[in-house]
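# Inside the fold
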Amino acid sequence: GAAVLLALLSVGGFEPAVDRCAACGREAPRGKPGHFDLARGLVCSSCGGAGPILRGAVREGLVQASAWEQPTACSETELAAAVRLLCGFAHAHLGKELRSWGLLDRYLGRSSAA
């Protein structure tokens, strides 16, 4: 789920920063929480980071997924919430919802209930 979505965003040139600040490029400490801006990705507090906070384990799970590793740092429920943020990120850049959003949302709803 998350790895495929991150790969598709990357192919389109829209991959969000999950391991560094999207504004200043400073590497984010592994396992630490961070603000996820729907327009840019991870943004540090020094650069005005606002928006939803990704817990350290969730951010680490996204870093793992972006490297095509099995996300072991966070739970399925947390990863589903992170995928919803990635979909919001995609929507912000594409200007429209993904056509498959309904199917993805139903799938995420099931995995969130686990």
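Rules used in this analysis
Residues numbered from 1 in each chain as written. Predicted model: local features only at pLDDT ≥ 70, side-chain atom pairs only at ≥ 80, totals over all residues. Heavy atoms only, no water. Pairing = 2+ DSSP bridges. Helix = DSSP H or I, 4+ residues; strand = E, 2+ residues; numbered from the N terminus. Salt bridge = Lys/Arg side-chain N within 4 Å of Asp/Glu carboxyl O. Buried < 20%, exposed > 50% of the residue type's maximum accessible area, 1.4 Å probe, protein only. Axes fitted to C-alpha atoms, helices over the stretch in contact; angles between N-to-C directions. Parallel < 35°, antiparallel > 145°, perpendicular 65-115°, else oblique. Left-handed = near helix turned anticlockwise from the far one by under 90°. Contact = heavy atoms within 4.5 Å. Nonpolar A, V, L, I, M, F, W, Y, C, P; charged D, E, K, R; others polar.

## Quick look at the pairing of strand S1 (residues 34–37)
Bridge count between S1 and strand S3 (residues 53–54): 2 bridges; the pairing is antiparallel. If you follow His 35 over to S3, its bridge partner there is Ile 53. One ladder, built from 3 bridges, connects S1 with strand S2 (residues 41–43); its direction is antiparallel. Paired with His 35 across the two strands is Val 43, which belongs to S2.

## Here's the deal with the pattern of salt bridges
Throughout the structure, instances matching the rule amount to 4 salt bridges. Here Arg 20 ties to Asp 19 by a salt bridge, and the two come within 4.0 Å at their closest N and O atoms. By relative accessible area, Arg 20 is classed as partly exposed at 38%. Given the relative accessible area of 39%, Asp 19 is considered partly exposed.

## What to know about the packing of helix H1 (residues 2–11) against helix H3 (residues 76–94)
Any two packed helices are characterised by how steeply their axes cross, that is the angle between the axes, and by the distance between the axes. With their axes 10 Å apart at the nearest point, H1 and H3 run at an angle of 20 degrees to one another. Looking at the two axes, H1 sits roughly parallel to H3. Where H1 crosses over H3, the handedness of that crossing is left-handed. For the pair H1 and H3, the contacting residues are Ala 2, Leu 5, Leu 6 and Leu 9 in the first and Leu 79, Val 83, Leu 86, Cys 87, Phe 89 and Ala 90 in the second. Residues belonging to the contact of H1 with H3 are distributed by class as follows: 10 nonpolar, no polar and no charged.

By themselves these figures say nothing about function.
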